[in-house]
Structures are given as structure tokens and as C-alpha cells.
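# Structural description and commentary
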Amino acid sequence: MASNAVMEETLQVLKDHKLRVTPQRHIILAYLVSHHNHPTVETIRDGLGKELPNIGSSTIYNTLNTFVDHHLVVELQNGDGSTHYDYFGSPHYHAICTNCGRIVDVTYPGFSDTEKSLEKKTAEISGYMISGNHMEVYGLCPECQIKLGIKPNDNEK
């Protein structure tokens, strides 16, 4: 079960976004806040088996869609044909491995400034009124680089 602090945070997030606080919404959001594994609907269902043993995939899917619509969660495609989800509580972007599909959150000091600058420049160039962004970069993770013989395995010296 998620910590009390996480449960309180998610309860406040739901209230701040004027979403009705149902047990399902609360527990699914708490799972996303406390797990940084970019889960699929099936992963969430399996992870919540003890807390919500009768929860169906459609309930999870519908809840996630509500969160996506309210910009609490982002959908990620990593090339494996399934949709993954990520709670977007703090600004970050994603690095996605084009070989194994692994997804990693990336942030650094000053990232928020970079993000704001990108949105401002995009608005200037395109004329769009920017409401948000989601950035992904693609490449080979360190493990796949080793597996593919692109990078030596420093652990085998």
C-alpha cells in the first residue's frame, strides 16, 4: 500500500483538479505517484490485486483516460504495442530505448526553464497557444548498447 503522504498528496491532486474522489481513482493515482515503472493497464491491475481484487481493466483504462484528459498522467508508446502511463507531478521528459522499450524519466536543474523556453519559441513560430508539452527522445539504453556490442561492458574487466 502507498504511504500516507502519497495517499494525502493524491487526494489533494484529485481535489485540485475538481475530480470526484472515488476509491479507484485515489488508489490508481497513488500507485502511479509511488511507482516510477511507467506501467501498462495490466501492470497496474496486477499491482493493485491486493487492494482492489475485483478491479477490471476497463475501470483502470477509463480512470487513466480521465487522468490524461486532466493532464495528471501522460500516455507513452515505447514501440512494444502497448500503452504505458506516467504521473506527471514534476517536470521531466522520457528517454525510450528503441531496442528493448525501456522508458526512463530524465530531469536536470534548469529543465523547467528549458521547457518554458521551448513552449515560448514554439508559440512565436507557430502562432499556437501552447497548453503543455510532452517530450520523448529515442535511442539505445546502456544495457542494449552492451548486448549489441556497441559499448564494452565495463563490469567484465
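An account of the accompanying structure is given in this report.

Each value, and the rule that gives it
- Residues numbered from 1 in each chain as written.
- Predicted model: local features only at pLDDT ≥ 70, side-chain atom pairs only at ≥ 80, totals over all residues.
- Heavy atoms only, no water.
- Salt bridge = Lys/Arg side-chain N within 4 Å of Asp/Glu carboxyl O.
- Helix = DSSP H or I, 4+ residues; strand = E, 2+ residues; numbered from the N terminus.
- Buried < 20%, exposed > 50% of the residue type's maximum accessible area, 1.4 Å probe, protein only.
- Contact = heavy atoms within 4.5 Å.
- Pairing = 2+ DSSP bridges.
- Core = buried A, V, L, I, M, F, W, Y, C linked by side-chain atoms within 4.5 Å.
- Phe/Tyr/Trp six-rings, centres within 6.5 Å; stacked < 30°, edge-to-face > 60°.
- Disulfide = S-S within 2.5 Å.

## Observations concerning the pattern of salt bridges
Inspection of the entire model under this criterion finds 3 salt bridges. Note that aspartate 46 is salt-bridged to arginine 45, the shortest N-O span being 3.9 Å. Among the ionic pairs, arginine 102 bridges to glutamate 143, the shortest N-O distance being 2.8 Å. Here arginine 102, found in the loop between β3 (93-97) and β4 (103-106), pairs with glutamate 143, found in helix α6 (residues 142-147); they are 41 residues apart in sequence, far enough to count as distant.

## Structural notes on the environment of methionine 135
If you trace the backbone, methionine 135 turns up in the loop between α5 (111-126) and β5 (136-139). On the basis of relative accessible area, methionine 135 is assigned to the partly exposed category, the value being 32%. Each C-alpha atom of the pair methionine 135 and histidine 36 lies 17 Å from the other, and the pair is 99 residues apart in sequence. Look past the residues within four positions of methionine 135 in its chain and what remains in contact with it is Tyr93 and His94.

## What to know about unusual backbone geometry
Phi angles above zero are rare outside glycine, and histidine 38 is one such case at about 50 degrees. Within the fold, histidine 38 resides in the loop between α2 (23-34) and α3 (41-47). For histidine 71, which is not glycine, the phi dihedral falls at a positive 60 degrees. As for its position among the elements, histidine 71 is in the loop between α4 (57-69) and β1 (73-77). Of the residues examined, histidine 71 reaches a relative accessible area of 63% and is grouped as exposed.

## Thoughts on the pairing of strand β2 (residues 83-87)
For β2, the tally of buried residues reaches 4 of 5 residues, placing the bulk of the element in the interior. Strand direction decides the pairing type here: β1 and β2, joined by 5 bridges, are antiparallel. Paired with valine 74 across the strands is aspartate 86, a residue of β2. Taken together, β1 and the strand that follows it, β2, pair antiparallel across an intervening segment of 5 residues, in which glycine 79 is found at a positive phi of about 95 degrees.

## Some points on the nonpolar core
Core analysis: the largest hydrophobic core is formed by 24 residues, its most contacted members being Ile28, Leu32, Leu64 and Phe67. Elements with a minimum of two residues in this core: α1 (4-16), α2, α3, α4 and β2. Ranked by the residues each element gives to this core, the list is headed by α2, at 7 residues. Ignoring sequence-local partners within four residues, the contact set of phenylalanine 67 consists of Leu14, Leu19, Arg25, Ile28, Leu29, Leu32, Leu72 and Val73. Membership of the second largest hydrophobic core comes to 5 residues, among which are Val74, Leu76, Ile96 and Ile103.

## Remarks on the packing of aromatic side chains
Evaluated as defined, the whole model comprises 2 aromatic pairs. Where tyrosine 93 meets phenylalanine 111, the ring centres are 5.4 Å apart and the plane angle is 35 degrees; that geometry is what we call tilted. Note that tyrosine 93 is positioned in strand β3 and phenylalanine 111 in helix α5, a separation of 18 residues in sequence. For the pair formed by tyrosine 93 and phenylalanine 111, the shared burial category is buried. Relative to phenylalanine 111, the ring of tyrosine 108 lies with its centre 5.5 Å away and its plane at 75 degrees, an arrangement referred to as edge-to-face. According to the relative accessible area criterion, phenylalanine 111 is buried, its value standing at 5%.

## Things to note about the state of the cysteines
With the rule as written, the count across this model stands at 0 disulfides. Sulfur of cysteine 97: no disulfide; nearest cysteine sulfur belongs to cysteine 144 and is 3.7 Å away. With relative accessibility at 3%, the residue cysteine 97 sits in the buried group. The structure places no disulfide on cysteine 100, whose sulfur is separated from the nearest cysteine sulfur, that of cysteine 97, by 3.7 Å. Since its relative accessible area comes to 42%, cysteine 100 is described here as partly exposed.

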